[in-house]
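Geometric and topological summary
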Amino acid sequence: MADKNRILITGGAGFIGSHLSELLLAKGKKVTVIDDLSTGSKDNMVHLLENDNFTFVEGTILDEITMKKLIENADEIYHLAAAVGVKYVLDNPIKSIHINSRGTEIILELASIDKKKVLIASSSEVYGKNPSSVFPETADSILGATKISRWSYACAKALDEFLSFAYHQEKGMPVIVVRFFNTVGPRQSDRYGMVIPRFISQSLHNLPLTVYGDGQQTRSFTYVGDVVEGVVALMSHPDAIGNVFNIGNPHGITIESLAQKIKEKTNSNSEIVRIPYNQAYGEGFEDMRHRVPDITKIHSLVNFTPKVSLDEILERTIEFVEGKEKNV
Ligand code: UDP
């Protein structure tokens, strides 16, 4: 059996994790997924469950006995399990903080026993409300007050990063940290607040497209297939160890223009409405105005460039949602 063949993916039933499983299986790896199905779903894995090289374990990363066994039997670990989605995190603050901080600590603790290589999924949220719009990895994390629940996610992810670097420094652990910027594509659920699946679902049902704030905030969206390729390339590059990388698309779009694009592509009669942030997320919510990654670092190391354009991403995702709705 080839080296580094047994892969453990925490959160592998989620949107990104299921695409990552698919790619690694296609590369001939043996993939084990652990997922508590809180935001992940078996639907994301139906096409994988019959593959002899794929194993699904339903459970939580907080279960140290199970995690110890799974990590012992893995050569490499992608740690994607987390409470995700602004709305989900606001609705489930205790669970989110616990999973996103203690969960990662457990993975690092157990992986450090045999110095297993771990890739930790972090987030562009760690830049917080830093007023820049383009973020190199060295940019400051500027988080808001602790009474504003949104920042608990960024804070937990920042702690995960500190802990990863600490394990690397003190115990020689091979750890890689990746900051994901708005990853999108088929299988992303519209239930946890993410803007593209929400707008697509609203458009297809001719419901109003809910643009929060003035709609002039920008985001850049990256196709999940591009993202998982970048992540796998980092895992196999020795110089990625001990480092942090942005992964995303350097081209931003305003949320208002995004709504317009989705409305056009779905031939929808929906109107585009503006919803104040406090109505959408509660009093005192803070959004970041602009957020685009500087991807020089990941490009230089593994030649990462996003290939799928926003138009193509939207078309593929709309087609997926339409197909799913037809089969219901
Ligand atoms: N957003 C919106 N309408 C929605 C959902 C989100 O206008 O129905 C906005 C949200 O306020 C943010 C952007 O779209 O400015 C991206 O939101 P998302 O939750 O997808 O990701 P974030 O970048 O906030 O993590």
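Residues numbered from 1 in each chain as written. Predicted model: local features only at pLDDT ≥ 70, side-chain atom pairs only at ≥ 80, totals over all residues. Heavy atoms only, no water.

All right, on to helix 4 (residues 93-113) then. Since the α-helix packs 3.6 residues into each turn, any two residues three or four apart lie on the same face. Here helix 4 spans 31 Å end to end across 21 residues, near enough to the 30 Å set by a 1.5 Å rise per residue. Buried within helix 4 we find Ser96, Ile99, Asn100, Ser101, Gly103, Thr104, Ile106, Ile107, Leu108, Leu110, Ala111 and Ser112. (Helix = DSSP H or I, 4+ residues; strand = E, 2+ residues; numbered from the N terminus. Expected span 1.5 Å × (residues − 1). Buried < 20%, exposed > 50% of the residue type's maximum accessible area, 1.4 Å probe, protein only.)

Around the ligand, the structure places 19 residues, and the nearest of them are Arg198, Thr210, Arg219, Asp287 and Arg291. Arg219 is positioned with one of its side-chain polar atoms (N or O) 2.6 Å from an oxygen atom of the ligand. Side-chain polar atom of Asp287 to an oxygen atom of the ligand: 2.6 Å apart, as the coordinates give it. Considering the ligand on its own, with 520 Å² of exposed area, one finds that the protein chains cover 95% of that surface. Every element with two or more residues in the shell around the ligand is listed here: helix 6 (195-204), strand 9 (209-212) and helix 9 (277-281). The class makeup of the residues in the shell around the ligand is nine nonpolar, four polar and six charged. (Near = heavy atom within 4 Å. Polar contact = N/O pair within 3.5 Å; in protein donor to acceptor, adjacent residues only side chain to side chain. Areas by Shrake-Rupley, 256 points an atom, 1.4 Å probe, with all protein chains shown as cover. Nonpolar A, V, L, I, M, F, W, Y, C, P; charged D, E, K, R; others polar.)

Looking now at the pattern of salt bridges. Enumeration according to the criterion identifies 20 salt bridges in this entry. Lys261 is paired through a salt bridge with Asp311; the nearest N and O atoms lie 2.9 Å apart. Residue Lys261 is located in helix 8 (residues 255-265), and its partner Asp311 is located in helix 11 (residues 310-326); the two are separated by 50 residues in the primary sequence. The class of Lys261 is partly exposed, set by a relative accessible area of 24%. Between Glu312 and Arg316 there is a salt bridge, with its nearest N and O atoms 3.1 Å apart. Here Glu312 and its partner Arg316 are both found in helix 11, four residues apart, which amounts to about one turn of the helix. Taking the relative accessible area as the measure of exposure, Arg316 reaches 33% and is therefore partly exposed. Salt bridges here are not isolated pairs; linked through shared partners, they connect Glu125, Arg150, Arg219, Asp287 and Arg291. (Salt bridge = Lys/Arg side-chain N within 4 Å of Asp/Glu carboxyl O.)

All right, on to the packing of aromatic side chains then. On inspection of all chains with the given rule, the structure shows six aromatic pairs. With centroids separated by 4.8 Å and ring planes inclined at 15°, the aromatic side chains of Tyr127 and Phe135 adopt a geometry described as stacked. Take Phe135: its relative accessible area is 1%, and that puts it in the buried class. Ring centres of Tyr212 and Tyr281 lie 5.2 Å apart, and the angle between their planes is 80°; on these two criteria the pair is classed as edge-to-face. Taken together, the residues Tyr212 in strand 9 and Tyr281 in helix 9 connect sequence positions 69 residues apart. (Phe/Tyr/Trp six-rings, centres within 6.5 Å; stacked < 30°, edge-to-face > 60°.)

With their axes 10 Å apart at the nearest point, helix 2 (residues 64-72) and helix 4 run at an angle of 45° to one another. Taken as axis vectors, helix 2 and helix 4 run oblique relative to one another. In this structure, helix 2 crosses over helix 4, and the sense of that crossing is right-handed. Residue-level contacts link Glu64, Met67, Lys68 and Ile71 of helix 2 to Arg102, Ile106, Ile107, Glu109, Leu110, Ala111 and Ile113 of helix 4. Of the residues that constitute the contact of helix 2 with helix 4, the class distribution is seven nonpolar, no polar and four charged. (Axes fitted to C-alpha atoms, helices over the stretch in contact; angles between N-to-C directions. Parallel < 35°, antiparallel > 145°, perpendicular 65-115°, else oblique. Left-handed = near helix turned anticlockwise from the far one by under 90°. Contact = heavy atoms within 4.5 Å.)

Here the focus is the sheet that holds strand 1 (residues 6-10). Pairing is parallel across the open sheet formed by seven strands, whose spatial order is 3-2-1-4-5-7-12. Edge positions in the sheet fall to strand 3 (54-58) and strand 12 (244-247), since each of these pairs with one other strand and no more. Neighbouring strand axes in the sheet, compared pairwise and without regard to direction, differ in orientation by 20° on average. Two elements, strand 1 and strand 4 (residues 76-79), share four bridges in a ladder whose sense is parallel. Across the sheet, the residue bridging to Thr10 is His79, located in strand 4. Contacting strand 1, strand 2 (30-35), strand 3, strand 4 and strand 7 (175-180), helix 1 (residues 15-26) runs over the sheet at an angle of about 170° to strand 1. Contacting strand 1, strand 4, strand 5 (117-123) and strand 7, helix 4 runs over the sheet at an angle of about 170° to strand 4. (Pairing = 2+ DSSP bridges.)

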